Amino acid sequence: MSEEIKETQATERKKRIFSAIQPSGTITLGNYLGALRNWVNLQDSYDCIFAVADLHAITVRQDPKIFKKNILEAYALLLACGIDTDKSMFFVQSHVHTHAELAWILNCYTQFGELSRMTQFKDKSQKHADNVNAGLFTYPSLMAADILLYQADLVPVGEDQRQHLELSRNIAERFNGLYGKTFTVPEPYIGRVGARVMSLQNPIKKMSKSDENANAWVAVLDKPETVMKKFKRAVTDSDARICIGEGKDGINNLIGIMSAVTGKTSDEITAEYDGKGYGDFKTAVGEAVIEELRPIQERFAKYIKDKAYLEEQYRKGAEFALKISQRTLDKAMKKIGYLPK
Ligand code: ATP
Ligand code: LTN
């Protein structure tokens, strides 16, 4: 093969993307703006693989009936957001056994000290002090397994996942250093807008679907009147000026959401609402979000009724995922010295 042809083939291979979301509750506007919406937009330019990370979700106690419903709903909601199974591979993590297997292996190449430094572990062990289980601690090695199994180049996530991704990179580099190139070292892919949507009740904290205060988050499936009510109750400040500023976390967050949803810059938004009251602005943000979510909610209603279609899609996804991931798992095991089966 000529150098020129080799070169063209190398540049034509689309970069691979992997990302996942936990079915740990109702999917929020933060998840949508920080992650899901970007995934949908990346599908044409990249070779995309997406998963519902249900193995990760049991690091926090889940009620079996609700959990089962949440997994299927997360799958249907991602389809409704625009994940297209003709373009991308989309599966449920627990259906592909290689994830748990590689996670065990990677646990043995991840240091206690590294895991102890993870801020999500510190936050969640405080929040669930009665259940600080080993899975919560080793969560990042399972996440590394998810990514490395597919030799992903890029991982689109919200800002809060940057530290976990850095650890995935370190694990990959350590393994490659010991055994020769086995895993692609992944790069984070963090969107410019919406990467960190804050709680509507405590805007110095990220909007999180596991927040007990339902007014803190907007769910993608919240009814329009609920969305509006939550925005109207959003915590702001007493300064009464619609602009980005220090100590104005609530307003900064609302401007950020408005910008992510409408595509306008913060300057355009502040100019447009200059002199208007917080009440008017909150209503405007509420309306913009309702319009963004409306078509997704309509598509979701159709998908969730069609269990046979959902089953067909996640089975197809798992079958493909197993084929690709098994190759990487076999390669890693061979390098370690395991006997071939
Ligand atoms: P939990 O509250 O159960 O930890 P979560 O709401 O943080 O869940 P995840 O399933 O952990 O959601 O995250 C799914 C994706 O959404 C990740 O890429 C994450 O970075 C992104 N994400 C989560 N919360 C936000 C947020 N507030 N702003 C922007 N992106 C977010
Ligand atoms: N921990 C992630 C969810 C997740 C993930 C992944 C994200 C599980 N496995 C692999 C990217 C790549 C979170 O968003 N909280």
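Residues numbered from 1 in each chain as written. Chains lettered and ligands numbered in written order. Predicted model: local features only at pLDDT ≥ 70, side-chain atom pairs only at ≥ 80, totals over all residues. Heavy atoms only, no water.

Our next topic: helix 7 (residues 119-127). Where helix 7 is concerned, the buried positions are Gln-120, Phe-121, Lys-124 and Ser-125. In a view along the axis of helix 7, the buried residues occupy a sector of 120°, so they form one face of it. Those residues of helix 7 that are buried lie in contact with helix 6 (112-116), helix 8 (134-149) and helix 9 (162-179). (Buried < 20%, exposed > 50% of the residue type's maximum accessible area, 1.4 Å probe, protein only. Helix = DSSP H or I, 4+ residues; strand = E, 2+ residues; numbered from the N terminus. Arc of directions from axis to C-beta. Contact = heavy atoms within 4.5 Å.)

What follows deals with the side chain of Thr-182. Mapped onto the elements, Thr-182 comes out in the loop between helix 9 and strand 5 (187-189). Within the structure, Thr-182 has its side chain in polar contact with the backbone oxygen of Gly-180 (distance 2.8 Å). (Polar contact = N/O pair within 3.5 Å; in protein donor to acceptor, adjacent residues only side chain to side chain.)

In this section: the packing of aromatic side chains. A full pass over the atoms with the stated rule returns 14 aromatic pairs. Aromatic side chains Trp-39 and Phe-50 sit 4.7 Å apart centroid to centroid with 5° between the ring planes, which places their arrangement in the stacked category. Here Trp-39, found in helix 2 (residues 29-42), pairs with Phe-50, found in strand 2 (residues 47-52); they are 11 residues apart in sequence, far enough to count as distant. Here Trp-39 matches Phe-50 in class, with each residue buried. By way of ring pairs, the aromatic residues Tyr-109, Phe-175, Tyr-179 and Phe-183 are connected into one cluster. (Phe/Tyr/Trp six-rings, centres within 6.5 Å; stacked < 30°, edge-to-face > 60°.)

This brings us to the site of ligand 1. Ligand 1 sits among 21 residues. The nearest are Lys-124, Asp-160, Lys-206, Ser-208 and Ser-210. It is helix 2 that provides the largest number of residues to the shell around ligand 1, a total of 4 residues. Broken down by class, the residue content of the shell around ligand 1 amounts to 6 nonpolar, 10 polar and 5 charged. (Near = heavy atom within 4 Å. Nonpolar A, V, L, I, M, F, W, Y, C, P; charged D, E, K, R; others polar.)

For the rest of this paragraph, the subject is the nonpolar core. If you look at the biggest cluster of nonpolar residues, it comprises 66 residues, and the most contacted ones within it are Leu-29, Phe-231, Ile-257, Phe-281 and Val-289. Non-local contacts of Ile-257, meaning those with residues more than four positions away in its chain, are made with Leu-29, Leu-33, Val-197, Leu-200, Phe-231, Val-285 and Val-289. Residues Met-118, Phe-137, Ile-171 and Ala-318 belong to the second largest nonpolar core, which totals 39 residues. (Core = buried A, V, L, I, M, F, W, Y, C linked by side-chain atoms within 4.5 Å.)

This next bit is on the pairing of strand 3 (residues 89-92). Side chains Met-89 and Phe-91 project from strand 3 onto one buried face, and the interleaved Phe-90 and Val-92 project onto a second face that is buried too. Bridge count between strand 2 and strand 3: 4 bridges; the pairing is parallel. The residue of strand 3 that forms the bridge with Ile-49 is Met-89. (Pairing = 2+ DSSP bridges.)

Neighbouring residues of ligand 2: 13 residues in total, closest His-56, Tyr-139, Met-143, Asp-146 and Gln-161. At 2.6 Å, a side-chain N or O of Tyr-139 approaches a nitrogen atom of ligand 2. One of the side-chain N or O atoms of Gln-161 is found 3.0 Å from a nitrogen atom in ligand 2. Computed on the free molecule, ligand 2 has an accessible area of 360 Å², of which 91% lies beneath the protein chains in the complex. Residue assignment for the shell around ligand 2 shows that the elements contributing at least two residues are strand 1 (16-21) and helix 8. Tallying contributions element by element places helix 8 first for the shell around ligand 2, with 4 residues. The residue makeup of the shell around ligand 2, split by class, is 8 nonpolar, 4 polar and 1 charged. (Areas by Shrake-Rupley, 256 points an atom, 1.4 Å probe, with all protein chains shown as cover.)

Attention shifts here to the environment of Pro-188. On the secondary structure map, Pro-188 appears in strand 5. Since its relative accessible area comes to 26%, Pro-188 is described here as partly exposed. Once residues within four sequence positions are removed from consideration, Pro-188 is found in contact with Leu-154, Val-155, Arg-162 and Leu-165.

Helix packing geometry: the angle between the two helix axes and the distance between the axes. The interhelical angle for the contact between helix 13 (residues 278-305) and helix 14 (residues 307-336), taken along N-to-C directions, is 85°, at an axis separation of 5 Å. Accordingly, the angle class assigned to the pair helix 13 and helix 14 is roughly perpendicular. Of the residues in helix 14, those touching helix 13 at Tyr-303, Ile-304 and Lys-305 are Lys-307, Tyr-309 and Leu-310. Within the contact of helix 13 with helix 14, the residues separate by chemical class into 4 nonpolar, no polar and 2 charged. (Axes fitted to C-alpha atoms, helices over the stretch in contact; angles between N-to-C directions. Parallel < 35°, antiparallel > 145°, perpendicular 65-115°, else oblique.)

None of the figures reported here should be taken as evidence of function without further support.
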